[in-house]
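Observations on the model geometry
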Amino acid sequence: LEKAKKYADLLPQIIDDGTNIVFEGHGCVGTGKTHLAYSIANYGLDNGIPVKVVNATELVNTVSYSNLDKELKQSLLDIELLVIDDLGKECGYDWLLFELYGILNHRYENCKPTVITTEDTIGELRKHYKVSTKDGIKDRGKSIFSRICENVVIVNMQGNDYRLNRRENVQTN
């Protein structure tokens, strides 16, 4: 919570220097990763910073084998603050990796910050981006994650699933 608050408080500076933040789950769900990422997004919006939020699996649904909708892609490239929720839940197809790399590379080269949530750790996330080719397994994620990690705040989020705890409390009351 403190790291997310500090990141939000520094958003004007972060918009200038392109610092990313990754909420990594270490295999845990329901720990508040999405809640904190969306809170940063709301704080940005409340302070006049343009923000776009996408879920990684929903992003896949908008991508075709030939291209990503040009208007959506442009918004992902140019928006001041981009939030990508649940990175690693999508499948690592070559065409998807090409698009994802293009978006993150553009943001990296233009110092545009990205807020990312993942159920994994940043290191484990790369495993999702290994694809089979006729020449063997290729690690397509190394350049993506090199760009994310150059200027990043990593927030480890481990613990019990608060959604299940809330459900159990409702059933017992």
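In the block above lies the structure referred to throughout.
Okay, so let's go over this structure. (Residues numbered from 1 in each chain as written. Predicted model: local features only at pLDDT ≥ 70, side-chain atom pairs only at ≥ 80, totals over all residues. Heavy atoms only, no water.)

1. Points about the overall build of the protein chain
- If you tally the helices and strands in the protein chain, you get nine helices and seven strands.
- Buried residues in the protein chain amount to 43% of all 173 residues.
- Contacts in the protein chain between residues at least 24 apart in sequence constitute 79% of all its contacts with a sequence separation of at least 6. (Helix = DSSP H or I, 4+ residues; strand = E, 2+ residues; numbered from the N terminus. Buried < 20%, exposed > 50% of the residue type's maximum accessible area, 1.4 Å probe, protein only. Contact = heavy atoms within 4.5 Å.)

2. Focus on helix H8 (residues 142-149)
- Residues of H8 that are buried include every one of Ile 144, Phe 145 and Ile 148, and no others. Along the long axis of H8, the arc covered by the buried residues comes to 85°, so they all point the same way.
- Buried residues along H8 sit against strand S1 (20-24), helix H6 (94-109), strand S4 (114-118), helix H7 (122-125) and strand S7 (152-156). (Arc of directions from axis to C-beta.)

3. Comments concerning the sheet that holds strand S2 (residues 51-55)
- Taking strand neighbours across the sheet as the criterion, the five strands line up as S2-S3-S4-S1-S7 in an open arrangement whose pairing is parallel. The outermost strands of the open sheet, each flanked by one partner alone, are S2 and S7. Here the average twist between neighbouring strands, direction ignored, is 15°.
- Relative to S4, S1 runs parallel, the two being bridged by four bridges. Each residue of the ladder has a partner; that of Phe 23, found in S4, is Thr 117. (Pairing = 2+ DSSP bridges. Axes fitted to C-alpha atoms, helices over the stretch in contact; angles between N-to-C directions.)

4. Quick look at the packing of helix H5 (residues 70-78) against H6
- Running from N to C, H5 and H6 cross one another at 35°; their axes reach a closest spacing of 8 Å. Here Lys 73, Leu 76, Leu 77 and Asp 78 of H5 lie close against H6, whose contacting residues are Glu 99, Gly 102, Ile 103, His 106 and Arg 107.
- Taken together, the residues that form the contact of H5 with H6 break down as three nonpolar, two polar and four charged. (Nonpolar A, V, L, I, M, F, W, Y, C, P; charged D, E, K, R; others polar.)

5. Thoughts on the layout of surface pockets
- In this structure, the largest pocket encloses a volume near 180 Å³.
- In terms of lining residues, the largest pocket is bounded by 15 residues, among which Gly 30, Lys 33, Thr 34, Asp 86 and Arg 163 are the most central.
- Those elements giving two or more residues to the lining of the largest pocket turn out to be helix H3 (33-46), S4 and helix H9 (162-172).
- Looking at the lining of the largest pocket, the element that brings in the most residues is H3, giving three residues.
- A volume near 150 Å³ is recorded for the second largest pocket.
- Taken together, 13 residues form the lining of the second largest pocket, with Gly 18, Asn 20, Arg 107, Tyr 108 and Arg 147 sitting closest to its centre.
- Among the secondary structure elements, those contributing two or more residues to the lining of the second largest pocket are H6 and H8. (1 Å grid on protein atoms, 1.4 Å probe; cavity = no way out; pocket = protein on both sides within 12 Å on 5 of 7 lines; lining within 4 Å. Points joined across faces, edges and corners; volume = space filled by probe spheres on them.)

6. Overview of the side chain of Asp 161
- Mapped onto the elements of the fold, Asp 161 is located in the loop between S7 and H9.
- What Asp 161 contacts, discounting residues up to four positions off in sequence, is Val 29 and Gly 30.

7. Some thoughts on the environment of Asn 110
- Residue placement: Asn 110 occurs in the loop between H6 and S4.
- Take Asn 110: its relative accessible area is 40%, and that puts it in the partly exposed class.
- When the C-alpha atoms of Asn 110 and Asp 17 are compared, they prove to be 9.2 Å apart, with 93 residues separating the residues in sequence.

8. Quick notes on the pattern of salt bridges
- Going through the model one piece at a time under the given rule, you end up with three salt bridges.
- Salt-bridge contacts for Glu 99 lead to Lys 73; the nearest nitrogen and oxygen are separated by 3.0 Å. Residue Glu 99 is found in helix H6, and its partner Lys 73 is found in helix H5; the two are separated by 26 residues along the sequence.
- Measuring nitrogen to oxygen at the nearest pair gives 3.3 Å for the salt bridge that ties Glu 80 to Lys 112. Remark: Lys 112 occurs in the loop between H6 and S4 and Glu 80 occurs in the loop between H5 and strand S3 (81-85); sequence separation between them is 32 residues.
- With a relative accessible area of 25%, Glu 80 lands in the partly exposed category.
- Relative accessible area serves as the criterion here: at 17%, Lys 112 is assigned to the buried category. (Salt bridge = Lys/Arg side-chain N within 4 Å of Asp/Glu carboxyl O.)

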